Amino acid sequence: QEIVKEWVAFATEQEIDCSQEFSLIQTLGEQVKIRDWNIQGLPRDELSVENGIIMHEGGRWPLCIDPQGQANKWIRKMEELRNMRVTKLTAENMLRTMESAITFGSPVLL
């Protein structure tokens, strides 16, 4: 929040039009998509929704540090129709799983 305040102050100082309140959810979020994520198991708190937006809008593969397993459950539910593969780095068939997923264009949860 402090970084946002500094950015707003800088933009105002430079005479750049901007709103005083910034919300990632209001800027990049789509309420229908967020509601669908909530139905699929994403927690409804602001931080979880912001992380979901970042994960969805990001140009690269997301890294989720998920000690409670909430993101894991949400991603599994969200991708179940796309035949998502799940594997671990220590699994004997991890390489075959990755090759198969790449061949068929399936998502992978590692």
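Provided above is the structure to which this section pertains.
The present account deals with the structure reproduced in this document. (Residues numbered from 1 in each chain as written. Predicted model: local features only at pLDDT ≥ 70, side-chain atom pairs only at ≥ 80, totals over all residues. Heavy atoms only, no water.)

1. Some remarks on the overall build of the chain
Per the secondary structure count, the chain includes six helices and two strands. Relative to the compact-globule value of 13 Å for 110 residues, the chain shows a C-alpha radius of gyration of 18 Å, a clear excess of over 25%. Here the C-alpha coordinates of the chain stretch approximately 55 × 25 × 25 Å along the principal axes. Every one of the 110 residues in the chain was classed for burial, and the buried ones make up 25%. Long-range pairs, those at least 24 residues apart, make up 32% of the contacts in the chain between residues at least 6 apart in sequence. As displayed, the chain offers around 9,000 Å² of accessible surface, 54% of which is attributable to carbon and sulfur atoms. (Helix = DSSP H or I, 4+ residues; strand = E, 2+ residues; numbered from the N terminus. Rg over C-alpha atoms; globule rule 2.2 N^0.38 Å. Buried < 20%, exposed > 50% of the residue type's maximum accessible area, 1.4 Å probe, protein only. Contact = heavy atoms within 4.5 Å. Areas by Shrake-Rupley, 256 points an atom, 1.4 Å probe, with all protein chains shown as cover.)

2. Some words on the layout of surface pockets
Of the volumes computed, that of the largest pocket is approximately 870 Å³. Along its surface, the largest pocket is lined by 30 residues, and Trp61, Pro62, Ile75, Val108 and Leu109 are the ones closest to its centre. Those elements that place two or more of their residues in the lining of the largest pocket are helix 3 (31-39), helix 4 (46-57), helix 5 (70-79), helix 6 (94-104) and strand 2 (108-109). Looking at the lining of the largest pocket element by element, the count peaks at six residues for helix 5. When its volume is computed, the second largest pocket comes out at roughly 340 Å³. When residues of the lining of the second largest pocket are traced back to their parent elements, those giving at least two are helix 4 and helix 5. If you tally residues by element for the lining of the second largest pocket, the top one is helix 4, at six residues. (1 Å grid on protein atoms, 1.4 Å probe; cavity = no way out; pocket = protein on both sides within 12 Å on 5 of 7 lines; lining within 4 Å. Points joined across faces, edges and corners; volume = space filled by probe spheres on them.)

3. Re the nonpolar core
Ranked by size, the top nonpolar core spans twelve residues in total: Leu24, Ile25, Ile34, Trp37, Leu42, Val49, Ile53, Met55, Trp74, Ile75, Met84 and Leu109. Of all the secondary-structure elements, those providing two or more residues to this core are helix 2 (24-28), helix 3, helix 4 and helix 5. Ranked by residue count, the leading element in this core is helix 4, at three residues. Those residues within four positions of Met84 in sequence are excluded, and the remaining contacts are Ile75, Arg76, Glu79, Pro107, Val108 and Leu109. (Core = buried A, V, L, I, M, F, W, Y, C linked by side-chain atoms within 4.5 Å.)

4. Points about empty space enclosed by the protein
Going through the model one piece at a time under the given rule, you end up with one cavity of 30 Å³ or more. By volume, the largest cavity amounts to about 50 Å³. Of the residues belonging to the lining of the largest cavity, the class tally is four nonpolar, two polar and three charged. (Nonpolar A, V, L, I, M, F, W, Y, C, P; charged D, E, K, R; others polar.)

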